[in-house]
Amino acid sequence: MSIHNLDRLFRPRSVALVGASARPGSLGAALLANLRAGGLTGPIHLVNPRHTQIDGLPCAARLSDLPEIPDLAVIAAPRDHVAALAEEAAAIGVPVAIVITADPGHGDDSLRAQMRDLAQRTPMRIVGPNCLGVLAPRAGLDASFAADKAIPGDLAVISQSGAVTVSLLAFAAERKVGFSGLVSVGDMADVDFDDLLDWFAIDPATRAILMYVEAIGDAKAFMSAARAAARVKPVIVIKSGRSRIAAKAAATHTGSLAGADDVYGAAFRRAGVLRVNDIEELFAAADTLGRVAPFAGDRLAILTNGGGLGVLAVDELASLGGKLATLSPQTIAALDATMPPTWSRANPADIVGDADAQRFAQALAQILEDPDVDAAMVIHCPTALSRAADVARAVADTTIAHRRASFRPRPVFAAWLGHDDAANEIFENAGIPHHSAGAMRGFMHLVKWRENRDALMATPAGAPAEQPDSDTARKIVADALARGERWLDAIDIAQVLKAYHIPTPPVRLARTPQEAAQLAQPFIAEHGACVVKIFSRDISHKSDVSGVMLDLTTPEAVTAAAEQIIARARAARPDATIEGVTVHPMVRRPNGRELIAGVAEDPTFGPVILFGRGGTAVEVINDKALGLPPLDMSLARAQIERTRVARLLRRYRDKPQADMDAIARVLVYIAQLSADVPEIAGLDLNPLVADENGVVALDARVEIAPCAAPGRGGANPRFAIAPYPRWQERNLTLRDGAQIFLRPARPEDEDLYRRFFARVTPEDMRRRFFTTVKDLNHVFIARLTQIDYARACAIVAIDEADGEMAGGVRVLHDPGGESGEYAVLVRSDFKGRGLGWALMRCAIAYAREVGLATIRGHVLSENRAMLDMCAGLGFDIAEEKEDPGLKLVTLDVARAFESESPLNPRR
């Protein structure tokens, strides 16, 4: 992740075209024509040893012969010359190169591999190879061979396909849509999705980021960059390959259900990215998100002069997962007073076919005042009784007046059937999204984007109170791997699930049918019956070999069942080692619903959490939702609600509602298990039975495999989203003996921070935030608690005497990844006790651990205590040129002192 030198890509002062050509129809000629037509103010240098001049421009034989080092080199030479030319560019100090040349090869000799190696060895950034090029219209740069020109605007495009980039340009040209930048990334040897997301996220000229994705290479970097960008502006993506023609055989039900495209969908949702289906929808979403500010709620009122159109709109709204508003009795009464008697008296509000502009305006004004309406859509059917432009003007005027007068203005969407230039212009000027088709999708784009963005910033419900016993689970798995096993047996599974507080029935292992009968007697006495299952590490799906028998009420029945199960298993799987049977009590849950929960391994995004309807027909029913770990209770509940079975979990007929919190806790715990024990390659809880009394996992499978390189603290290195960094937890003893627990901040810490700020004096708050802080609202505190652990460290100091926060420090990585910025704050009554010094030592240790070269901070010039501490820690202190009231403090982390840390690992 780095935006290093990308300023020279999008704002080059000079460009060199390597492989320029005078031959009509050649790639070099097309690139030269576009560069000259783009409007670049700086010089365009040409490089081609076969020419001394091309089209009146001087042409050098080599890059090193140019009169200056260009900011940007565009390389379009034959494939066999590209590596040497790129090496030369890096050697003379060119900051960025775009490699247009294509190469169908793969492996170590491919052009992509050569460019990747060069980028890793030198500071030069490389776009491509095998790309269309880059356009930055605001800088006058067209370093591409696209036929259509891009006009300046506020949309950024990142595309993995040159053909799709060309199509986007053509589509935009027809509609006069402008761009802040377009990048065809090609084979992404160096500059990747995450680099460009970071760049456009902080680019003030970019309002929204549009992406075309075929495959993501570095899921961790993508998720980190996408989540950061989606917090500040819309990110809209098309992902190709939605259909799954053939499914790869999977060892677990969870694995077979977790299709690749479903995982991409889960990743986009978790990142706050809006996914659309095609180019037209991509621009429609960008248009809608650019015109309408996020609004609370999702209840839509529909106003139309065509009853049939209204009914069709309701159908589309329902199919897209939207919600139709219910008009209040007051609104119905107000409309009764102004509308003809034949109006629909419901939503959709059909004000009949002879409706004129005045009737539309009256109805819309009354609907927009309804407290049960969050947005309105006006659908106009052209008739001879009213001009489309007149109605558009009335709708626009009413909307503008509502915006000015309302404390909570509702957005308005327009769907005008038939093309009318005058109506379109009116809506354009009023900032009203308008479509002849697709208006409902535009509304739902806004709803879904706001939901995704809000989920990124939401404060989750409290974590489960019971902490898992990760050490026990790790030992069980390690011992099984040491025995050469690929699957945990039923006994080990029960112990692992118990360590993570996932309820399971008791289990006993019987080596013979006779032993099974003996072990079954207590279960029969207490529960009335028992269950017998085949015990073999070679058989993952017991039902495939008829390896389960239920409701056995006598020891004799248990003996017979065990004999039958073992015989059937040996016949069906003569290669399997049969070690006996397991005996369990018969669990009767008359109100139980069969579910599935599990962990699958995705080759791109790593572990994925699955939830859905369970049972033996789980693949056939295919009712599931996927989520990327780690999870909290809020994310787990949202994942449950995305399934059809969620409706069955609620109260219906004589069945009470299932314990939804208990189900959510299971998802949180299995996500934590995956984080703590990376050797778990797959996990199934199927069926997981839920009722009003909780949950119980009646059967489970756990696949294990060695983990070559566990993360810090033994965490799962394959997580696409960095899990809670438990390795940062420490104990600290202050000079006065006070015991402090240092741990990373968590999203659920919002109330903790609020209480902390209440005990910090206004003067100390001003010194930390450089202004008076009056409103400690959710958005303000969420910026402090919602941490991307891949890009930041935020440590809170907890006073173990009362559990309250005594201070905190944070280090935020710069997008380039080479440096970071720190901030620290100590509660006013803890000042002078050594906590601030210890927190700063924590920040320095973290910076060294993750490889930051420098950390810096800004300190008020009057804050002598902080400046003295920085001096004592080895920071350089300088005047801040842009603000004389501030000092810039900078620490070279590599040269920072290495004395023994006062911090001890958490016990």
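The structure we're discussing is the one just above.
Residues numbered from 1 in each chain as written. Predicted model: local features only at pLDDT ≥ 70, side-chain atom pairs only at ≥ 80, totals over all residues. Heavy atoms only, no water.

Some words on the overall build of the protein chain
- Scanning the protein chain from N- to C-terminus turns up 29 helices and 39 strands.
- In terms of C-alpha radius of gyration, the protein chain reaches 32 Å, essentially the compact-globule figure of 29 Å for 907 residues.
- Taken along its principal axes, the extent of the C-alpha atoms in the protein chain is 100 × 85 × 65 Å.
- Counting the 907 residues in the protein chain, one finds 56% classified as buried.
- Excluding contacts between residues fewer than 6 apart, the proportion of contacts in the protein chain whose partners are at least 24 apart in sequence is 72%.
- When the accessible surface of the protein chain is summed, it comes to about 38,000 Å², and 52% of that surface belongs to carbon and sulfur atoms.
- Between the averaged position of the 100 positive side-chain charges in the protein chain and that of its 112 negative side-chain charges there is a distance of 2 Å. (Helix = DSSP H or I, 4+ residues; strand = E, 2+ residues; numbered from the N terminus. Rg over C-alpha atoms; globule rule 2.2 N^0.38 Å. Buried < 20%, exposed > 50% of the residue type's maximum accessible area, 1.4 Å probe, protein only. Contact = heavy atoms within 4.5 Å. Areas by Shrake-Rupley, 256 points an atom, 1.4 Å probe, with all protein chains shown as cover. Lys, Arg positive; Asp, Glu negative; His and termini not counted. Charge placed at Lys NZ, Arg CZ, Asp CG, Glu CD.)

A few points about the pattern of salt bridges
- Going through the model one piece at a time under the given rule, you end up with 63 salt bridges.
- A salt bridge links R299 to D372; the shortest N-O distance between them is 3.8 Å. Within this pair, whereas R299 is found in strand β15 (residues 299-304), its partner D372 is found in the loop between α13 (357-368) and β18 (375-380), the two being separated by 73 residues in sequence.
- Relative accessible area serves as the criterion here: at 26%, R299 is assigned to the partly exposed category.
- The residue D492 makes a salt bridge to R483 at a minimum N-O spacing of 3.3 Å.
- When its relative accessible area of 47% is taken as the criterion, R483 is described as partly exposed.
- Within this structure, R483, E485, D489, D492, R511, R537 and E579 form a network of salt bridges that share partners. (Salt bridge = Lys/Arg side-chain N within 4 Å of Asp/Glu carboxyl O.)

Points about the environment of F179
- Along the polypeptide, F179 turns up in strand β11 (residues 178-184).
- Taking the C-alpha atoms as reference points, F179 and G153, separated by 26 residues in sequence, lie 4.0 Å from one another.
- Among all residues touching F179, those that are not within four sequence positions of it are P137, A150, I151, P152, G153, D154, L155, V157, L168, L169, A172 and F283.

Description of the pairing of strand β2 (residues 44-47)
- The alternating pattern of β2 places I44 and L46 on one face and H45 and V47 on the opposite face, and all of these are buried.
- Of the pairings in the sheet, the one linking strand β1 (residues 15-18) to β2 comprises four bridges and is parallel in character. Following the sheet pairing, L17 is matched in β2 by L46.
- Running through helix α2 (residues 27-37), the crossover from β1 to the neighbouring parallel element β2 is right-handed.
- Sheet topology places β2 next to strand β4 (residues 57-60); two bridges connect them, and they run parallel. Within β4, the position partnered with V47 by the bridge is A60. (Pairing = 2+ DSSP bridges. Right-handed = clockwise from strand over helix to strand, strands pointing away.)

Notes on the nonpolar core
- The biggest cluster of nonpolar side chains holds 70 residues, and the ones touching the most others in it are I98, L197, M211 and F605.
- Of all the elements, helix α7 (residues 219-230) adds the most residues to this core, at seven residues.
- Once residues lying within four places of it in the same chain are set aside, the contact partners of M211 are I158, F193, L197, F222, V235, I236, V237, I238 and L282.
- Among the nonpolar cores identified, the runner-up in size contains 46 residues, and L595, Y669, I680 and V702 belong to it. (Core = buried A, V, L, I, M, F, W, Y, C linked by side-chain atoms within 4.5 Å.)

A few points about the packing of aromatic side chains
- Summed over the entire model, instances satisfying the criterion amount to 18 aromatic pairs.
- Note on F10 and W199: the rings are 5.5 Å apart at their centroids and 15 degrees apart in plane angle, and the pair reads as stacked. One end of the pair, F10, is in helix α1 (residues 6-10); the other, W199, is in helix α6 (residues 193-201), with 189 residues separating them in the sequence.
- A centroid spacing of 6.1 Å and a plane angle of 85 degrees characterise the contact between Y724 and Y789, whose relative ring orientation is edge-to-face. Placement of the pair is Y724 in the loop between β30 (700-704) and β31 (730-733) and Y789 in the loop between α27 (778-785) and β33 (792-799), with a sequence separation of 65 residues. Accessibility assignment for this pair places Y724 and Y789 in one class, buried.
- Among the aromatic residues, ring-to-ring pairing joins F193, F222, Y264, F268 and F605 into one connected group. (Phe/Tyr/Trp six-rings, centres within 6.5 Å; stacked < 30°, edge-to-face > 60°.)

So, the sheet that holds strand β22 (residues 530-535)
- The four strands are arranged β21-β24-β22-β23 in an open sheet whose pairing can be described as antiparallel. The open sheet is flanked by β21 (508-510) and β23 (548-552), the only strands paired with a single partner. On average, each strand axis in the sheet is tilted by 25 degrees relative to the strand beside it, whichever way the strands run. (Axes fitted to C-alpha atoms, helices over the stretch in contact; angles between N-to-C directions.)

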